[in-house]
Amino acid sequence: MKASSFLSPPIEALPRNGLLQTHSEQVDILRLDQLHPVVSGNKWFKLKYNIEMALANGYQSLLSCGGVHSNHLHALAKAGQYYQLQTHALVRGYSEVALTSTLKDCQNMGMNLEFVNKKTYLQRYDPHWCQQQAQRLSSYWIPEGGNNELGIQGCGEIANACLNAEKNYDQVWLSIGSGCTFKGVERVLPKSIKLRGILAIKGGQSLAQELLASALYPHRCEFDFDSHYGGFGRCPDELQALIHRYDESNLPLDPVYTAKLVAAFEQSWQQGLLPLNQNYLLIHTGGLQGRRGIDGL
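Anyway, here's the lowdown on the structure attached to this text. This is a predicted model, so every value here is computed, not measured.

## Re the sheet that holds strand β5 (residues 111-116)
- With parallel pairing, four strands are arranged side by side in an open sheet as β5-β4-β3-β6. Each of the sheet's edge strands pairs with one partner strand only, and the pair in question is β5 and β6 (140-141).
- Direction of pairing for strand β3 (residues 61-66) relative to strand β4 (residues 86-92): parallel, over a ladder of six bridges. Each bridged residue has a counterpart across the sheet, and for S61 the counterpart in β4 is Q86.
- Its contacts with the sheet place helix α2 (residues 71-83) against β3, β4 and β5, and it is angled at close to 170° to β3.

Pasting the structure below:
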């Protein structure tokens with residue numbers, strides 16, 4: 001998509017509310033959610049080089065996979081519409097169930113939806129199976145969430161947006177799902193900046209070990225395994241209350257990633273675990289359309 005269709009993501013002070021009121025001038029948030037009205041957050045960074053590769057190799061169709069509320073599929077459908085590429089999705093779910101708002105959007109943007117059961121969906125990590133699906137649909141395969149080397153390369157560009165000439169950040173915080181964004185940012189972010197990842201999934205220790213093993217500067221990487229709020233996609237009442245609180249300050253948060261990130265930061269701040277003489281940057285990774293999948297948001 002043309003650069004003119006994207007906005008320069010602003011860096012703003014985290015709103016003065018709740019626990020951060022006293023020292024909020026030290027805490028900023030990178031608003032990747034304002035990058036584009038549809039392809040927002042980190043999703044475009046994961047897609048851009050994959051789409052370039054597909055076009056360079058003459059593909060007319062893109063194929064990926066995701067769940068019924070997938071931000072990735074939503075962004076892919078929009079990108080395919082823009083580039084006039086057919087898009088296909090292998091969706092974990094059942095065709096007899098009513099479409100979610102996310103899937104309705106995808107369908108309206110021209111994406112073909114093929115529903116697969118849980119057992120079949122587990123094969124998405126098998127390269128041979130993925131190649132078979134791509135050949136079957138004559139499509140360029142993009143892994144779930146855009147998590148491949150080209151996706152990581154694109155996410156490296158997020159690190160450049162983290163650099164603020166007016167304020168040198170000591171720590172950058174972001175939420176982790178597949179780890180693609182963390183890998184990309186870690187490769188490019190100056191080694192003097194600590195990088196802290198908040199696992200949005202339960203039991204993310206093995207993923208964290210993988211991220212450490214591939215990191216250029218593993219000594220500056222830290223992980224929080226306790227802020228998943230029950231697991232991926234879970235949004236209990238206390239997390240919804242935090243989201244509503246930030247809504248009042250005109251900072252919309254998504255329930256899957258950024259809300260957990262902000263909650264983890266607030267808790268660390270309240271417990272006195274963060275040095276008060278440092279500057280912090282949180283990365284808002286977008287995905288606000290996914291709020292429609294949570295009752296009450």
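Don't stop here, the text continues.
## Some details on the packing of aromatic side chains
- Applying the stated rule across the entire model yields nine aromatic pairs.
- Residues F232 and Y257 carry aromatic rings whose centres are separated by 5.8 Å and whose planes lie at 65° to one another, so their mutual orientation is edge-to-face. Taken together, the residues span a long stretch of sequence, with F232 in the loop between β9 (221-224) and α9 (237-247) and Y257 in the loop between α9 and α10 (258-270) at a distance of 25 residues.
- Classification of Y257 as buried rests on a relative accessible area of 17%.
- Taking the ring centre of W173 as reference, the NZ or CZ of R196 above it sits at 5.2 Å.

## Examining the sheet that holds strand β7 (residues 171-176)
- Spatial strand order, β1-β2-β10-β7-β8-β9: six strands in an open sheet with mixed pairing. A strand with exactly one partner marks an edge of an open sheet, and here the two such strands are β1 (11-13) and β9. Neighbour to neighbour, the strand axes of the sheet diverge by 25° on average, direction disregarded.
- Here β7 runs beside strand β8 (residues 194-199); their pairing, made up of six bridges, is parallel.

## Here's the deal with helix α6 (residues 149-161)
- Residues of α6 that are buried: L150, G151, I152, G154, C155, G156, I158 and A159.
- Where α6 is buried, its residues meet β2 (27-31), α1 (43-56), β6, α7 (180-188) and β10 (280-284).

## Describing the pairing of β5
- As defined by bridge partners, β4 adjoins β5 across six bridges and the pair is classed as parallel. Bridging from a neighbouring strand, A89 pairs with L113 of β5.
- Since β4 and β5 lie parallel, the crossover through helix α3 (residues 101-108) that links them has a hand, and here it is right-handed.

## Notes on the packing of α6 against α7
- Where α6 contacts α7, the axes come no closer than 7 Å and their chain directions differ by 55°. By the angle between their axes, α6 is oblique relative to α7. The chirality of how α6 crosses α7 is right-handed. Within the contact between the two elements, α6 uses E149, G151, I152, C155, G156, I158, A159 and N160 and α7 uses C180, T181, K183, G184, V185, R187 and V188.
- The residue makeup of the contact of α6 with α7, split by class, is seven nonpolar, five polar and three charged.

Each value, and the rule that gives it
Residues numbered from 1 in each chain as written. Predicted model: local features only at pLDDT ≥ 70, side-chain atom pairs only at ≥ 80, totals over all residues. Heavy atoms only, no water. Pairing = 2+ DSSP bridges. Helix = DSSP H or I, 4+ residues; strand = E, 2+ residues; numbered from the N terminus. Contact = heavy atoms within 4.5 Å. Axes fitted to C-alpha atoms, helices over the stretch in contact; angles between N-to-C directions. Phe/Tyr/Trp six-rings, centres within 6.5 Å; stacked < 30°, edge-to-face > 60°. Buried < 20%, exposed > 50% of the residue type's maximum accessible area, 1.4 Å probe, protein only. Lys NZ or Arg CZ within 6 Å of the ring centre and 35° of its normal. Right-handed = clockwise from strand over helix to strand, strands pointing away. Parallel < 35°, antiparallel > 145°, perpendicular 65-115°, else oblique. Left-handed = near helix turned anticlockwise from the far one by under 90°. Nonpolar A, V, L, I, M, F, W, Y, C, P; charged D, E, K, R; others polar.

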